[in-house]
Amino acid sequence: MTSTAPRTHLLLARAAQAATAAAAVADAFRAVSVRDHRLHRTDDSLDRSGFASSVFLYLMTLTVVLFLVWLSRSRRNAQELSPEASVPSRGWTIGAWFVPVVNLVAPRLCVLAIGRASSASWAEKRDTTLVNLWWAAWVAHAVSLLVADRVSPGSMAFLVVAETLMIAAAVLLGLVIERVTALQSAAFGAAVPLAPQPRT
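Conventions adopted
- Residues numbered from 1 in each chain as written.
- Predicted model: local features only at pLDDT ≥ 70, side-chain atom pairs only at ≥ 80, totals over all residues.
- Heavy atoms only, no water.
- Helix = DSSP H or I, 4+ residues; strand = E, 2+ residues; numbered from the N terminus.
- Buried < 20%, exposed > 50% of the residue type's maximum accessible area, 1.4 Å probe, protein only.
- Contact = heavy atoms within 4.5 Å.
- Phe/Tyr/Trp six-rings, centres within 6.5 Å; stacked < 30°, edge-to-face > 60°.
- Core = buried A, V, L, I, M, F, W, Y, C linked by side-chain atoms within 4.5 Å.
- Salt bridge = Lys/Arg side-chain N within 4 Å of Asp/Glu carboxyl O.

K.L.:
Please explain the overall build of the protein chain as it appears in this structure.
P.N.:
Within the protein chain one finds 6 helices and 0 strands. The linear arrangement of helices and strands in the protein chain, starting from the amino end, is α-α-α-α-α-α. Along the first, second and third principal axes, the C-alpha set of the protein chain runs to 65 × 45 × 30 Å. The buried share of the protein chain, reckoned over its 200 residues, is 40%. Taking as baseline every contact in the protein chain between residues at least 6 positions apart, the subset at least 24 positions apart corresponds to 71%.

Written out as structure tokens, the structure reads:
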């Protein structure tokens, strides 16, 4: 791998983190505007909820794309750093997110496998706990949305819980991205010397 690869990976990580944060904030605005429209249906509330939902959809799509590109690159890096380690295939790393039921478990396992293969510095207790907390917050957010829609649509209590979980999941995902990227960058920095800089 060339010396520019870690920098490219870092840029992908930063882009994925920024998109994740933006999508989480947009989701909060979307949830509030949709609730307002359900309770007080007007043309203005319809416009606001529609606009907020569209912004969230665009940002979430961007987040998914950037995250999966980052994850695919991380998988490749992990395989290069630890050729003997068991890491998921490129197709499964991405495809696992789109298989119903399987996507409640498999993506977490993929991220854990990539993290472990990224560096001997992966702390089994601390880093695995970080991934588990992120995944628990993400799944709990999805479940809370389903429960709220069936039990009490428009409930402020459910909205607060769901959006708190969404923001927590976004923050934790940002930390997961940071940790894996930092480990891989350090590993490549130790294994691959940088090209000598031209003299001025």
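K.L.:
Explain the packing of aromatic side chains here, please?
P.N.:
The description of an aromatic ring pair uses the distance of the two centres, along with the angle that the planes make with each other. One pass over the full model with this rule turns up 6 aromatic pairs. Judged by centre distance (6.3 Å) and plane angle (45 degrees), the rings of W97 and W134 are tilted. Placement of W97 in the loop between α3 (90-95) and α4 (106-118) and of W134 in helix α5 (residues 124-151) is noted, with a sequence separation of 37 residues between them. The exposure class of W134 is buried, given its relative accessible area of 3%. Among the aromatic residues, ring-to-ring pairing joins F67, W70, W97, W134 and W135 into one connected group.

K.L.:
What should I look at first to understand the environment of V176 in this one?
P.N.:
Within the secondary structure, V176 sits in helix α6 (residues 156-191). Not counting residues within four places of it along the chain, the set of residues in contact with V176 comprises V111, L130, V131 and W134.

K.L.:
Can you walk me through unusual backbone geometry in this structure?
P.N.:
For V101, which is not glycine, the phi dihedral falls at a positive 70 degrees. With respect to the element layout, V101 can be found in the loop between α3 and α4. Note on V101: relative accessible area 63%, which makes it exposed.

K.L.:
What's the story with the environment of A16 in this structure? I'm lost.
P.N.:
When you line up the elements, A16 lands in helix α1 (residues 4-39). As a C-alpha pair, A16 and S49 span 33 residues in sequence and 25 Å in three-dimensional space. Dropping the residues within four chain positions of it, A16 is found in contact with L66, F67 and I177.

K.L.:
Explain the nonpolar core to me, please; I cannot follow it from the model alone.
P.N.:
Soluble, globular proteins show a tendency: their nonpolar side chains are buried together. With 29 residues, the main nonpolar core has F67, W70, L71, W97, V131, W134 and I177 as its most contacted residues. When contributions to this core are tallied by element, the ones reaching two or more residues are α1, α2 (43-81), α4, α5 and α6. Broken down by element, the residue count for this core peaks at 7 residues, all from α6. Setting aside residues no more than four positions away along its own chain, V131 makes contact with R108, V111, L112, W122 and V176. The next biggest cluster of nonpolar side chains, apart from the first, holds 5 residues, and it includes A24, A26, F56 and M166.

K.L.:
I tried to follow the environment of R14 on my own but got confused; where do I start?
P.N.:
Counting through the fold element by element, R14 comes out in helix α1. For R14, a relative accessible area of 39% gives the class partly exposed. In this structure the C-alpha to C-alpha distance between R14 and E178, which are 164 residues apart in sequence, comes to 8.4 Å.

K.L.:
Any chance you could explain the pattern of salt bridges here in plain terms?
P.N.:
Side chains that carry opposite charge are capable of pairing whenever their charged atoms lie near each other. Applying the stated criterion to the full structure yields 6 salt bridges. One salt bridge in this structure joins R48 and D36, with 3.2 Å as the shortest N-O distance. Of this pair, R48 sits in helix α2 while D36 sits in helix α1, and the two are 12 residues apart along the sequence. On the accessibility criterion, R48 (46% relative accessible area) is partly exposed. R126 serves as the salt-bridge partner of D127, at 3.5 Å between the closest nitrogen and oxygen. Taking the relative accessible area as the measure of exposure, D127 reaches 2% and is therefore buried. Residue classification places R126 among the exposed positions, given a relative accessible area of 53%. Each of R126, D127 and R179 takes part in salt bridges that share partners, so that together they form one network.

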